[in-house]
Amino acid sequence: MTNDSGIRVLIIDDEIAIRRFLRTSLQASGYMIIEAHTGEEGIAEIINKRPDLVILDIGLPVIDGIEVIKKIREWSDIPILILSVMDQEKKKIEALDAGADDYLTKPFSVGELMARMRVLMRRINPQVIEQGFESSDLRIDFNTRIVMVKNLEISLTPTEFDLLRILAQNAGKVMTHKQIISLLWGESYQGESHLLRVNISNLRKKIEPNFPRPTYIITEPGVGYRLKISD
Amino acid sequence: MTIIGLAVRRNINPTNLVMLYLLAVVIIAVFWGRGPAVFSAVLGVLCFDVFLVPPYLTFAVEDTEYIITFISLFLIGVLISSLMAQLKEQMLAARDREERVSLLYELSKKLAIAYSLTDVINSIQKSIRQIAPYDSQLFLLNDSIGHMGESKKEDFAIYPGLDGNDSKIIDDVVTVCNSGKPSEIIIEPTLGLPVIYFPLASNLGNIGAISFFVNHSHQEINPDMRKTFEAFANLSALAIERVNLSNQANKVQLIKAKEEMQSILLNSVSHDFRTPLVTITGALSSLNSPSENLNHDDKQSMIKQALREAEKLNRLVSNLLNINRLESDILNIQKDPVDVEDLIGSTIDHMEDYIDRSINVTVSEKSLYVLGDFVFLQQALINVIDNAVKYSPDCSPLEMKIYNNKNFVIIEVKDYGGGIPEEEIPNIFRKFYRGEKSRNGAGTGLGLTIVKGIIDAHNGTVKVISSKEERWTIIQISLPCYLIPEI
């Protein structure tokens with residue numbers, strides 16, 4: 001379990017009840033909390049207080065949440081986790097494409113929040129480029145391109161492997177359809193989302209123990225996919 | 001006539017011949033009119049005198065009584081021919097009138113059944129062409145509702161359209177409309193033919209005018225025509241007014257119905273929001289109370305229950321939003337390829353935390369895809385499963401089957417909750433409908449309505465199949481297959 005104490009989290013949300021609730025739950029786990037009511041205030045606090053992570057509510061009234069992300073991304077790599085509402089898929093995707101790293105749909109559980117925060121925090125200290133990925137029964141070696149599930153080697157097509165690798169290199173974090181297609185095949189393939197779905201489907205059939213119940217590759221409805229890291 | 005007279009003069013008394021002459025004059029009057037009849041009366045008298053009255057072949061007469069006969073013959077001839085001619089004219093006029101009245105009657109009939117403003121306008125235009133020789137025009141105020149006070153040029157729409165250089169015509173129309181009186185006969189420079197304008201009057205002011213072409217250049221139109229035009233204009237105005245009023249009434253009715261629906265919704269919603277809140281508030285207050293003496297398991301159970309009820313509330317909010325979107329027709333469906341197995345897996349994964357039942361899923365061998373919105377389809381499925389859970393006992397199994405039938409992907413959710421009587425089946429998708437045996441509480445009766453709305457928007461169908469004897473119900477969703485292009 002990572003030591004979360006000392007990590008500074010900036011919460012940008014116009015709803016006082018949500019700020020209060022987040023403050024209470026996160027402080028209990030040792031995070032230091034900075035609060036901001038508006039996008040402008042938030043950006044100022046990033047410059048002044050230098051937090052390690054930002055939790056931003058996408059539904060900010062005056063300055064649009066997306067604008068805030070764009071502004072932050074002009075000069076900072078800081079991990080951004082957005083809070084959104086269901087049925088706002090377009091906005092979520094826009095936010096993720098604008099540079100947000102992950103999202104949570106309100107109402108959410110604190111457990112899920114912390115799990116996603118931890119994933120984002122791992123990027124604070126850029127490590128040596130990972131050689132592989134390991135979680136639960138799934139093992140991937142990026143160099144040898146060998147994939148093992150429960151110690152059984154699985155044979156994947158090159159596309160399937162690359163897809164898995166992309167998800168694994170961003171494990172725990174959501175990847176939008178657009179982002180995956182861009183990394184896998186390039187921008188010109190943006191119209192061919194069916195290719196992505198077919199490959200995900202084939203990949204799942206090969207590595208998921210409980211198909212169609214997902215264990216590793218989770219579908220984020222309307223947004224993209226996420227490779228789940230087991231606790 | 002004289003020839004016949006000559007032939008029979010020996011045999012018939014001249015006085016009777018006079019009758020025959022008169023008959024001839026009458027006949028001529030009937031067929032050829034006043035002029036020829038008078039002429040034949042004169043001629044008849046002369047001939048009678050010359051040929052049939054002694055002394056023959058002269059104009060002189062022996063017996064002066066014949067002069068009376070002549071004069072009478074002549075006068076009667078003229079009188080009868082006049083009368084006959086007048087009669088004929090009146091008959092023609094009457095026929096004319098009858099024709100116009102019947103046209104008005106036809107128009108009246110057409111207008112009575114005209115449904116929309118467009119229908120009314122079309123009927124008026126068709127009838128105008130029958131009443132006035134060339135195309136006459138209907139001019140209507142843009143909102144065709146009419147206002148007191150002055151109307152301006154820009155306020156008018158014209159049926160059928162005139163082109164821009166007809167500002168004089170519009171000026172004339174505006175004048176007539178504002179004055180409320182018919183115009184004089186005007187020769188419009190752009191048309192070259194005389195027209196007369198009649199205003200269309202309604203309760204709320206003048207709503208327009210009709211121009212009738214006049215096929216002569218007299219200064220006055222004859223009173224019959226005037227009456228006809230007036231009647232025509234009045235009929236038209238009445239019809240337009242009626243259509244407008246009826247539209248307004250409809251709008252009011254719609255608003256009323258909407259408000260009523262919203263009222264029902266509000267009542268339903270407040271009840272369904274409060275119910276889960278009871279559990280949530282109850283659990284939290286209980287955990288909060290210093291005097292609580294629940295053991296750990298009880299506490300866990302309460303917390304879990306409260307979490308479930310909170311999720312129910314969340315789903316309720318979603319359903320409400322969706323019903324609103326469905327009604328306002330702003331369901332924005334993304335059309336992307338959706339992997340049906342992915343959809344099912346994701347849905348069940350989501351639901352298993354919140355329902356205590358396991359679902360037995362059977363999928364088809366090959367991958368099935370549909371074109372649609374993952375999020376909305378998921379919401380529809382959640383509602384279907386939620387429904388199945390609500391209307392079946394906790395221990396009964398839930399089954400889900402996915403397969404394809406020709407060009408359709410079929411998703412079936414089966415519960416063993418006793419089945420639905422056949423009469424109830426058509427009602428299931430109706431708004432606010434709730435089955436009698438709602439076991440597990442909260443639900444506004446909107447769930448399946450939303451399912452139908454979402455599936456309809458995806459060009460699919462939802463069906464309910466049920467067996468009361470075997471006590472099961474299947475909700476069957478059918479969606480068109482999306483064929484993945486060859487990779």
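Please refer to the structure placed before this passage.
Keep in mind that this is a model prediction, so the values were computed, not measured.

Student: Break down the overall build of chain A for me, citing the residues and quoting the values.
Tutor: When its secondary structure is counted, chain A shows eight helices and twelve strands. Expressed as a percentage of its 231 residues, the buried residues of chain A come to 51%. For chain A, restricting intrachain contacts to residue pairs at least 6 apart in sequence, the fraction spanning at least 24 positions comes to 57%.

Student: Now, about helix α6 (residues 167-179) of chain B: what can you tell me, with residues and values included?
Tutor: All names here are of chain B. Taking 1.5 Å per residue, 13 residues should reach 18 Å; α6 reaches 18 Å between its end C-alpha atoms and fits that length. For α6, the complete set of buried residues consists of Ile-169, Ile-170, Asp-172, Val-173, Val-174, Val-176 and Cys-177. Just past α6, the residue Gly-180 takes up positive phi, approximately 80°.

Student: Run through the packing of helix α8 (residues 296-327) of chain B against helix α10 (residues 374-390) of chain B, naming residues and quoting values.
Tutor: The relative placement of two packed helices is expressed as an angle between their axes plus a distance between the axes. Residue and element names in this part refer to chain B. Contact geometry for α8 and α10: axes closest at 12 Å, N-to-C directions at 120°. In terms of orientation, α8 lies oblique with respect to α10. In this structure, α8 meets α10 at a crossing whose hand is left-handed. Between α8 and α10, the residues in contact are Arg-315, Ser-318, Asn-319, Asn-322 and Arg-325 and Phe-376, Gln-379, Ile-382, Asn-383 and Asp-386, respectively. Across the contact of α8 with α10, the residue classes break down as two nonpolar, five polar and three charged.

Student: Tell me about the sheet that holds strand β11 (residues 461-467) of chain B, residues and numbers included.
Tutor: Residues and elements named next belong to chain B. Read from one edge to the other, the open sheet built from five strands follows the order β7-β9-β10-β12-β11, with strand pairing classed as mixed. Taken across any chain shown, the strands that pair with only one partner, and hence form the sheet edges, are β7 (359-362) and β11. Averaged over all pairs of adjacent strands, the angle between their axes in this sheet comes to 20°, without regard to strand direction. By the bridge criterion, eight bridges tie strand β9 (residues 398-405) to strand β10 (residues 408-415) in an arrangement that is antiparallel. Bridging from a neighbouring strand, Asn-404 pairs with Val-409 of β10.

Student: Tell me about the sheet that holds strand β4 (residues 80-85) of chain A, and name the residues and values.
Tutor: Strands belonging to one sheet form pairs held by backbone hydrogen bonds; the direction of such a pair is parallel or antiparallel. All names here are of chain A. One open sheet accounts for five strands, arranged β2-β1-β3-β4-β5; its pairing is parallel. Each edge of the sheet is formed by a strand with only one pairing partner; in this case those strands are β2 (32-36) and β5 (102-106). In this sheet, neighbouring strand axes are inclined to one another by 20° on average, regardless of whether the strands run parallel or antiparallel. Two elements, strand β1 (residues 8-12) and strand β3 (residues 53-57), share four bridges in a ladder whose sense is parallel. Each residue of the ladder has a partner; that of Val-9, found in β3, is Leu-53. In this fold helix α5 (residues 110-121) packs onto β1, β3, β4 and β5, with an angle of close to 170° to the strand it touches most, β5.

Student: Any chance you could break down the interface of chain A and chain B for me, citing the residues and the numbers?
Tutor: Opposite the 21 residues of chain A that make contact, chain B presents 26 residues. Summed over both partners, the interface of chain A with chain B buries about 2000 Å², with 56% contributed by carbon and sulfur atoms. Per-residue buried area on chain A facing chain B is highest for Asp-87, Arg-197 and Arg-213 of chain A; these three make up 27% of the total on that side. For the pair chain A and chain B, the interface holds one salt bridge. Note that Asp-342 of chain B and Arg-204 of chain A form a salt bridge whose closest N and O atoms lie 2.9 Å from each other. Where the side of chain A that touches chain B is concerned, the elements lending two or more residues are α4 (89-98) and α8 (193-207) of chain A.

Student: Which residues make up the side chain of His-458 of chain B, and what values go with them?
Tutor: Residue and element names in this part refer to chain B. The residue His-458 is located in the loop between α11 (447-457) and β11 in this model. Residue His-458 is classed as buried on the basis of its relative accessible area, which comes to 3%. Within the structure, the side chain of His-458 is placed 3.0 Å from the backbone nitrogen of Asp-373, a separation counted as a polar contact. Apart from the residues within four sequence positions on either side, His-458 is in contact with Ile-333, Leu-371, Gly-372, Asp-373, Phe-376, Leu-377, Leu-479 and Pro-480.

Student: Explain unusual backbone geometry to me, and be specific about the residues and the numbers.
Tutor: Cis geometry is found at the peptide bond from Lys-106 of chain A to Pro-107 of chain A, where omega equals -10°. If you check the backbone angles, Arg-145 of chain A has positive phi at about 60° while not being a glycine. Residues other than glycine seldom take positive phi values, yet Arg-471 of chain B does so here, at roughly 60°. Here Arg-471 of chain B shows up in the loop between β11 and β12 (472-480).

Student: Any details on the packing of aromatic side chains? Residues and values, ideally.
Tutor: Any pair of aromatic rings gets described here by the distance separating the centres and the angle formed by the planes. Following the criterion strictly, the structure yields six aromatic pairs over all chains and no others. Measuring from centroid to centroid gives 4.0 Å for Phe-212 of chain B and Phe-229 of chain B, while their planes differ by 10°, and the two rings are stacked. Here Phe-212 of chain B is found in strand β5 (residues 205-213), whereas its partner Phe-229 of chain B is found in helix α7 (residues 223-288), with 17 residues between them in sequence. Exposure remark for Phe-212 of chain B: the relative accessible area of 0% places this residue in the buried category. Grouped by ring-pair contacts, the aromatic residues Phe-198, Phe-212, Phe-229 and Phe-232 of chain B constitute a single cluster. The ring of Tyr-103 of chain A carries the charged tip of Arg-116 of chain A above its face, separated from the ring centre by 6.0 Å. Taking NZ or CZ as reference, Lys-414 of chain B lies 4.7 Å from the ring centre of Trp-472 of chain B, over its face.

Parameters and conventions
- Residues numbered from 1 in each chain as written.
- Chains lettered and ligands numbered in written order.
- Predicted model: local features only at pLDDT ≥ 70, side-chain atom pairs only at ≥ 80, totals over all residues.
- Heavy atoms only, no water.
- Helix = DSSP H or I, 4+ residues; strand = E, 2+ residues; numbered from the N terminus.
- Buried < 20%, exposed > 50% of the residue type's maximum accessible area, 1.4 Å probe, protein only.
- Contact = heavy atoms within 4.5 Å.
- Expected span 1.5 Å × (residues − 1).
- Axes fitted to C-alpha atoms, helices over the stretch in contact; angles between N-to-C directions.
- Parallel < 35°, antiparallel > 145°, perpendicular 65-115°, else oblique.
- Left-handed = near helix turned anticlockwise from the far one by under 90°.
- Nonpolar A, V, L, I, M, F, W, Y, C, P; charged D, E, K, R; others polar.
- Pairing = 2+ DSSP bridges.
- Buried area = accessible area lost by both parts, 1.4 Å probe.
- Salt bridge = Lys/Arg side-chain N within 4 Å of Asp/Glu carboxyl O.
- Polar contact = N/O pair within 3.5 Å; in protein donor to acceptor, adjacent residues only side chain to side chain.
- Phe/Tyr/Trp six-rings, centres within 6.5 Å; stacked < 30°, edge-to-face > 60°.
- Lys NZ or Arg CZ within 6 Å of the ring centre and 35° of its normal.

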